[in-house]
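Structural characterization, general
This is what each chain is made of:
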Amino acid sequence: TQLLEQSPQFLSIQEGENLTVYCNSSSVFSSLQWYRQEPGEGPVLLVTVVTGGEVKKLKRLTFQFGDARKDSSLHITAAQPGDTGLYLCAGWGGNNRLAFGKGNQVVVIP
Amino acid sequence: NAGVTQTPKFRVLKTGQSMTLLCAQDMNHEYMYWYRQDPGMGLRLIHYSVGEGTTAKGEVPDGYNVSRLKKQNFLLGLESAAPSQTSVYFCASSYVGLGIQPQHFGDGTRLSIL
């Protein structure tokens, strides 16, 4: 079983602040995905990173894949209340399945 | 676009009862998945299917059965429900089973076993 550990589990910040959450593993993944889940809904894909060292930007969200393809980070600049949600990372190591982390619960206070 | 539709959205069962959760997707996806999500445990894969007529076990398959008789539908069955199966169940689908393809999720079925 390939384990993905996400930290911190819970983060509460004021609107306008920056934040970074992390997704770490001892396993190498061929790709890694980040999803956001809002209450009462299913996860929705934000980004897929494939190449070690890759950086992708989605408006105020910046995603980075570690050089060794074992870890990833998500940085949010000037957080907005609409960024509130559970952020899930998921690694693809083969075997036709994604391994999900337990998530980073982010709350942005207006 | 409906995407992935799960029925029912909520259900309460008594221990020992059986039920079937239905997942339907209209995106012509080959791969379909059933997950359960519990507090502090994240999403765990129960069973999955790589195409019509195929099924395979995931991380936590015990107590569940699945069927994929039609490409667009993936059924999850609980033969004899137990309180430990109280959870939120998510169905997902993807075009193929590659890590660069997104998984599209339904909005979940909230199941309570008393």
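Scroll up to find the structure.
These remarks concern the structure in this document. (Residues numbered from 1 in each chain as written. Chains lettered and ligands numbered in written order. Predicted model: local features only at pLDDT ≥ 70, side-chain atom pairs only at ≥ 80, totals over all residues. Heavy atoms only, no water.)

Topic: the overall build of chain B
The cut-off we apply is this: Strands are runs of DSSP state E lasting at least two residues, helices are runs of H or I lasting at least four, and both sets are numbered from the N terminus onward. Atoms considered for the radius of gyration are the C-alpha atoms alone. The globule rule reads 2.2 Å times the number of residues to the power 0.38. Every residue pair with non-hydrogen atoms within 4.5 Å of one another is taken to be in contact. Accessible surface area values rest on a Shrake-Rupley calculation with a 1.4 Å probe, where residue burial reflects the displayed protein chains alone. Only four residue types enter the tally: Lys and Arg on the positive side, Asp and Glu on the negative side, with His and both chain ends excluded. Charged side chains are reduced to one point each, which is NZ for Lys, CZ for Arg, CG for Asp and CD for Glu.
Scanning chain B from N- to C-terminus turns up zero helices and 11 strands. In terms of overall dimensions, chain B is globule-like: its C-alpha atoms have a radius of gyration of 13 Å, near the 13 Å expected for 114 residues. The principal-axis extents of the C-alpha atoms in chain B amount to approximately 40 × 30 × 25 Å. Counting only contacts in chain B whose residues sit at least 6 apart along the sequence, the fraction spanning at least 24 positions is 55%. As displayed, chain B offers around 5,400 Å² of accessible surface, 54% of which is attributable to carbon and sulfur atoms. Charge-centre separation for chain B: the mean point of 10 positive side chains lies 6 Å from the mean point of 8 negative side chains.

Quick notes on the overall build of chain A
Put simply, the rule is: Relative accessibility decides the category of a residue: with a 1.4 Å probe and only protein chains considered, values under 20% of the type maximum give buried, values over 50% give exposed, and everything between is partly exposed.
Helix and strand counts for chain A stand at zero helices and 11 strands. Listing each helix as α and each strand as β along chain A from the N terminus yields β-β-β-β-β-β-β-β-β-β-β. Against the 2.2 N^0.38 benchmark of 13 Å for 110 residues, chain A shows a C-alpha radius of gyration of 13 Å, consistent with a compact globule. Burial statistics for chain A: of 110 residues in total, 45% are counted as buried. Carbon and sulfur atoms provide 48% of the accessible area of chain A, an area that totals close to 5,200 Å². Each charge class in chain A was averaged separately, 9 positive and 9 negative side chains, and the resulting centres sit 7 Å apart.

Considerations on empty space enclosed by the protein
Here is the rule: The way it works is a 1 Å grid over only the protein atoms, where trapped points that fit a 1.4 Å probe form a cavity and open points with protein on both sides within 12 Å along at least five of seven lines form a pocket, and then any residue with an atom within 4 Å of a point lines it. Grid points are joined across faces, edges and corners, and a volume is the space filled by probe spheres set on the points. We call Asp, Glu, Lys and Arg charged. Ala, Val, Leu, Ile, Met, Phe, Trp, Tyr, Cys and Pro are nonpolar, and the rest, Gly among them, are polar.
Summed over the entire model, instances satisfying the criterion amount to one cavity of 30 Å³ or more. Put simply, the largest cavity is a space of about 40 Å³. Together, Q33(A), W92(A), L98(A), Y33(B), S94(B), V96(B), G97(B), L98(B), G99(B), Q101(B) and Q103(B) line the largest cavity. Among the residues forming the lining of the largest cavity, the class breakdown is five nonpolar, six polar and no charged.

Side note on the packing of aromatic side chains
So the rule is basically this: Stacked, edge-to-face and tilted labels apply to pairs of Phe, Tyr and Trp rings (six-membered ring for Trp) whose centres lie within 6.5 Å, assigned for plane angles under 30 degrees, over 60, and everything in between, in that order.
Tallied over the entire structure, the rule returns 10 aromatic pairs over all chains. Taken together, the aromatic side chains of Y35(A), F100(A), Y31(B), Y33(B), Y35(B), Y48(B) and F105(B) make up a single cluster linked through ring pairs.

Observations regarding the state of the cysteines
Quick reminder of the rule: Pairs of cysteine sulfur atoms within 2.5 Å are what we label disulfides.
By the definition in use, this model includes two disulfides over all chains. Here C23(A) engages in a disulfide with C89(A); their sulfurs sit 2.0 Å apart. For the disulfide bridge between C23(A) and C89(A), the dihedral angle about the S-S bond is near 75°, and by the sign convention the bridge is right-handed. Taken together, the residues C23(A) in strand β3 (residues 19-24) and C89(A) in strand β9 (residues 85-92) connect sequence positions 66 residues apart. Using a relative accessible area of 0% as the deciding quantity, one classes C23(A) as buried. Of the residues examined, C89(A) reaches a relative accessible area of 0% and is grouped as buried. The disulfide that involves C23(B) links it to C91(B), with 1.9 Å between the sulfurs.

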